[in-house]
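# Understanding the architecture of this molecule
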Amino acid sequence: MTGRMEVLVYCGLILGLICPCHSLDNGNSLNRFKRSQESMWSDPSDCTARRTKQTVVPMNSHNFSLDILMPGVVPTGSDSYLCMAVPVPTVQDFYIVDFVPHASMDTAHHMLLYGCQSPVSTSGYWDCGSVQGTCEEEASIMYAWARNAPPTKLPKDVGFKVGGNSGISYFVLQIHYGDVGAFRDHHRDCSGITLRMTSKRQPFIAGIYLLVAVDVVIPPGNRVTNADVACDFESYPIFPFAFRTHTHHLGKVVSGYRIRDDKWTLIGRQSPQLPQAFYAANRDVDVKYGDTLAARCVFTGEGRTSKTYIGGTSSDEMCNFYIMYYMENKHAVPFMNCMETGSTELFQNIPYEANVPIPVNTDTMFSMMHVGHATDPWNNKASSQPNKVEQETLNQGDLYSLLSKLVGESQDLPYHLEESTAWPGRELQLGQVAGLALDSDGNLLIFHRGDHRWGVNSFDLKARYQQRSLGPIQQSTILVVDPVKGHILKALGRNMFYMPHGITTDSDNNYWVTDVALHQVLKLSSSARGKPLVVLGEAFTPGSDSNHFCQPTDVAVDTTTGNIYISDGYCNARILEFSPDGKYLSEWGAGSLDRRRWIPFGIPHSLTYLPDRRELCVADRENGRIQCFVANSGEFVKEISREEFGGEVYAISSSFANGGLIYAVNGNSPIGYSAPPKGFVIDYSSKDIVDVFNPVQQEFEMPHDLVVSKDGSVFVADAGSSSVFKFTSEKSLHRSVKKAGIEVRELEEIESMVQTKLKPLHKVLLEAAAATQQKAAPDPEKLPNSPQAQAHHQQQQLEEEVEKRKTMGKMANQSAHQGVTSSALITSLLLVPLVLVISIAAFIRCRKTRVYEDGFEVKPNTNSAGGILGKLKGKATGSLNLGNFLATNKGYTRQGFDRLSTEGSDQEKEDDNTTDSENEEFSAPPPATVSSP
């Protein structure tokens, strides 16, 4: 009897090890995700009705989607594990290329998707938390979801193979329902996953390698406890492209490594308290026979009064490190695992970073509440890019340096924004700075939150403000500031607002503001005396009809009609139009040129109105894009989406002083890869980035809004550091510059050249930089025919050519000077006798001589500079060929590591901005071929 009980306990433990769950800390900030914003699949009102709809949706002859959704279940107790099986709807080989979850962590604490030949049951659903389990034979984990993780898209030419001879005939969906209290309203749950599949043969097969620590005891009150796991790798080579971490709420950081020749190489490292998504792995890592895979979980026992063990309930702990990899098709293994405790000697050499907890900022955690839910099966996007090209390669400043080097001047750069470090002259006492605007006099308006802060406890699950007892902000929330000297000219807005967000002005200098706690939009006179002129929305009451808002973010004003446009916002993904006196006119959502690839707004966060075009542009924050519409009709016009944004666009502004410019700031993404926060200047027509700007004294923390003044100065509000930055243009139009014998009196010509050539140069530079960043073995630069070696050789040629041109310029300048001197001497000798003979003849002769002089006059600024400019403009046929120099090989030199989209796959982009990963067949650049040993 005792032996049988031990077997049962052991089986239960193993089940718990591969079935991640979560703590039931109801006070945790991540539990503030709103069920009202959940996927339609979990809507209590019509869950089962929607569940009965067709689950297989054909897309074309090669592709279809499959919905695997719980059939309206109601768990009977906490820590319930429920499973259901769905047959693979084909007998042919098919490949999963995209996973789209439909769940919220306040209902489902984790989801796992297994593939197997024979499930435990094929009808209805069953309790799979008992000995019954999931599959009759060994199960393969194909996907895991928890903590509001977003969708996952696989790289090009990579897919999980199912059907046919794969050995996977059924999918088994397992959901852990942690707290049965989530079902007090008796709703029925239809959480689940949508799979996007293709019949096109994928040359590389995806799989999961799971490292699990099984022997861990966390003492109560112990500040740090490490859990280590390591195994020797004994299979064909695998290439990790994503990783996922999992613990319960005691986990601080989980790190995974490959060990080769005693060298530890990081695969991935993340806080398990963030959304437990598949994040982009280190692309420079492959794993082959003889390597060791290792992982460490760092726990704390603080707050516990008893020992904590590894187990399958919410009060237990877990230590899991998932590696999502690909292999060659012929060697594919869909699932591998490691449960061996690593030796103390081995882990003595683990990098120090593995022991450093990753802090989770409360503001960042709250922003996650609005990410990761899908409103339809195709709510996924080409999002944040894991390839950190812009961090380690040529930036916009390097581009300007290259151009200026070619024209002989490296100091005077047109239109480059630099921080004005002397502004403001005195410290401004600010809270979280939410919004910026300019009044009719050109003064800067700063809208800040005083001593109120937006934190994890500010709102409940229904977006209702929870800190009304604090009262309104007692400080002046609107400051009118001199944009030149930084002096405060006026302060107003005491005892009016609870959580300020956006601000703008109209032609009458009235202020339009939004308050996310009040869920209102207010029109105030510039004196802010008396009652608001217009009040839209009901105070402290969120809603989604024409009379209510849910955390509205910003307002833009039509300068012709006076109509206003409101972005609404964190809960409602829509834009609304009202008349100046507050009459509702219309509303619309996100746009797309192809409705099949339509993606709803993911927090429309900022607006800018383009008066010359009568268009409204929207910063779609979580989708990392800018969308523009015809203002009075909502007709979609265009989309600007750049990988440099890193998946997040927080705010935009505009200026049409230079042919049409959009200014934008990005921010750190709470999930997946994100680019460092910075400012961008974008050409509206070409959608190219023409400048990048950053503070010099400190980094952006959370740039939240920006505004552009008439003189081209840019002000950026940083909510993270409670400050405002000012950037000014170093534009110079009429300075005489001499360099290498070339005189350039008018820099407008250079400015025109830079603006003309910036687009192709910027694109090619980024491509070349990306190519040089991609590591291959052996060293590509040592291969005579490799792209890197060719680029290096061409760069040397360019530098030699530049020096040659400089020398030629000096010689031309000296020759020209001598020519001018000789001509002047001869002309003077001829003129003197003629003047003495007859004045009329002298006058005629003088005119002819001037013509002669003009005919031989040498103008260095026309000839010398023009020659080089001609080269840059592609008009010359000499050896200085920027096209050849900057050309990059389109082959694959990075061992197959391509970017992983953790937020979906189908971002709409126009042709001139497409990347290798944007393919209608859900593909990205193919991985490198792996040769077997």
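Residues numbered from 1 in each chain as written. Predicted model: local features only at pLDDT ≥ 70, side-chain atom pairs only at ≥ 80, totals over all residues. Heavy atoms only, no water.

Each helix and strand in the protein was counted, giving 11 helices and 48 strands. Long-range contacts, defined as pairs at least 24 residues apart, comprise 71% of the intrachain contacts of the protein with a sequence gap of at least 6. (Helix = DSSP H or I, 4+ residues; strand = E, 2+ residues; numbered from the N terminus. Contact = heavy atoms within 4.5 Å.)

The subject of this paragraph is the environment of Leu470. Its location among the elements puts Leu470 in the loop between strand S25 (444-448) and strand S26 (478-481). Sequence separation between Leu470 and His452 is 18 residues; the distance between their C-alpha atoms is 8.6 Å.

Here we take up the sheet that holds strand S27 (residues 488-492). With respect to topology, four strands assemble into an open sheet ordered S24-S25-S26-S27, the strand pairing being antiparallel. Taken across any chain shown, the strands that pair with only one partner, and hence form the sheet edges, are strand S24 (433-438) and S27. Across this sheet, the average inter-strand angle for adjacent strands is 20 degrees, counted without regard to direction. The pairing of S25 with S26 spans four bridges and is antiparallel. (Pairing = 2+ DSSP bridges. Axes fitted to C-alpha atoms, helices over the stretch in contact; angles between N-to-C directions.)

The tendency in soluble globular proteins is for nonpolar side chains to be buried as a group. Judged by nonpolar contacts, the single largest core of 93 residues is most densely connected at Phe171, Leu195 and Tyr209. Excluding residues within four positions of it along the chain, Leu195 makes contact with Phe64, Ser65, Leu66, Ile68, Ile96, Asp98, Phe99, Leu113 and Phe171. (Core = buried A, V, L, I, M, F, W, Y, C linked by side-chain atoms within 4.5 Å. Buried < 20%, exposed > 50% of the residue type's maximum accessible area, 1.4 Å probe, protein only.)

What follows deals with the sheet that holds strand S16 (residues 251-260). Within the open sheet, the four strands sit side by side as S14-S19-S16-S17. Their pairing is antiparallel. Edge positions in the sheet fall to strand S14 (225-232) and strand S17 (263-270), since each has one partner strand and no second. Sheet twist, expressed as the average angle between the axes of neighbouring strands with direction ignored, equals 20 degrees.

Turning next to the packing of aromatic side chains. Per the stated rule, a full pass over the model turns up 33 aromatic pairs. For the pair Tyr209 and Phe233, a centre-to-centre distance of 6.3 Å together with 45 degrees between the ring planes defines the contact as tilted. Taken together, the residues Tyr209 in strand S12 (residues 204-212) and Phe233 in the loop between S14 and strand S15 (239-246) connect sequence positions 24 residues apart. An angle of 85 degrees between the planes, with centres 6.3 Å apart, marks the rings of Phe278 and Tyr322 as edge-to-face. Placement of Phe278 in the loop between S17 and strand S18 (279-280) and of Tyr322 in strand S21 (residues 320-328) is noted, with a sequence separation of 44 residues between them. (Phe/Tyr/Trp six-rings, centres within 6.5 Å; stacked < 30°, edge-to-face > 60°.)

On to the pattern of salt bridges, then. Going through the model one piece at a time under the given rule, you end up with 14 salt bridges. In this structure, Asp98 and Arg196 form a salt bridge, with 3.9 Å as the shortest nitrogen-oxygen distance. You can see Asp98 sitting in strand S4 (residues 94-102) and its partner Arg196 sitting in strand S11 (residues 192-198), a full 98 residues away along the chain. In this pair, the class of Asp98 matches that of Arg196, namely buried. Between Arg614 and Asp558 there is a salt bridge whose closest N-O contact spans 3.3 Å. (Salt bridge = Lys/Arg side-chain N within 4 Å of Asp/Glu carboxyl O.)

A separate point is the state of the cysteines. Under the defined criterion, the tally for this structure stands at six disulfides. Here Cys116 is linked by a disulfide to Cys135, with a sulfur-sulfur distance of 2.4 Å. Between Cys116 and Cys135, the S-S dihedral sits near -75 degrees, and the bridge is therefore left-handed. Highlighted residues: Cys116 in strand S5 (residues 110-116) and Cys135 in the loop between strand S6 (125-127) and strand S7 (140-145), separated in sequence by 19 residues. The residues Cys116 and Cys135 share a single accessibility class, namely buried. (Disulfide = S-S within 2.5 Å.)

The omega torsion of the bond from Trp423 to Pro424 falls at -10 degrees, within 30 degrees of zero and hence cis. Position of Pro424 among the secondary structure elements: in the loop between strand S23 (417-419) and S24. Its identity is not glycine, yet Asn148 carries a phi of approximately 60 degrees, on the positive side. One can find Asn148 in the loop between S7 and strand S8 (152-153).

This part covers the confidence of the model for the protein. A residue-level look at the protein finds 65% of positions with pLDDT of 70 or above and a mean pLDDT of 75. The low-confidence segment residues 812-828 (pLDDT under 50) makes eight contacts with residues lying over four places distant or belonging to another chain. Low pLDDT (under 50) marks residues 843-933, which in the prediction has 239 contacts with non-local residues, meaning those over four places away or in another chain. (pLDDT = per-residue confidence, 0-100.)

Residue position: Thr90 is located in the loop between strand S3 (80-87) and S4. The buried category is assigned to Thr90, whose relative accessible area is 16%. From its side chain, Thr90 meets the backbone nitrogen of Gln92 in a polar contact 3.0 Å long. (Polar contact = N/O pair within 3.5 Å; in protein donor to acceptor, adjacent residues only side chain to side chain.)

In terms of burial, strand S32 (residues 552-557) is largely enclosed, as six of its six residues are buried. Note that S32 and strand S33 (residues 564-568) share five bridges and pair antiparallel. The partner of Pro552 across the bridge, within S33, is Asp568.

The subject of this paragraph is the environment of Ala717. Considering the arrangement of structural elements, one finds Ala717 in strand S45 (residues 714-718). Beyond its immediate chain neighbours, meaning those up to four positions away, Ala717 contacts Val433, Leu436, Met702, Pro703, His704, Asp705 and Ser723.

Before going further, it helps to spend a moment on the pairing of S5. A large share of S5 lies buried, amounting to seven of its seven residues. Along S5, one buried face is formed by His110, Leu112, Tyr114 and Cys116 and the opposite face, lined by Met111, Leu113 and Gly115, is buried too. As judged from the five bridges shared by S5 and S7, these two strands associate in the antiparallel manner. Its bridge partner lying in S7, Gly115 is registered against Ser140.

The subject of this paragraph is the environment of Pro600. Looking at where Pro600 falls in the secondary structure, it is placed in the loop between strand S35 (584-588) and strand S36 (604-610). Residue classification places Pro600 among the buried positions, given a relative accessible area of 9%. On a C-alpha basis, the gap between Pro600 and Asp620 in space is 9.3 Å, while along the polypeptide they are 20 residues apart.

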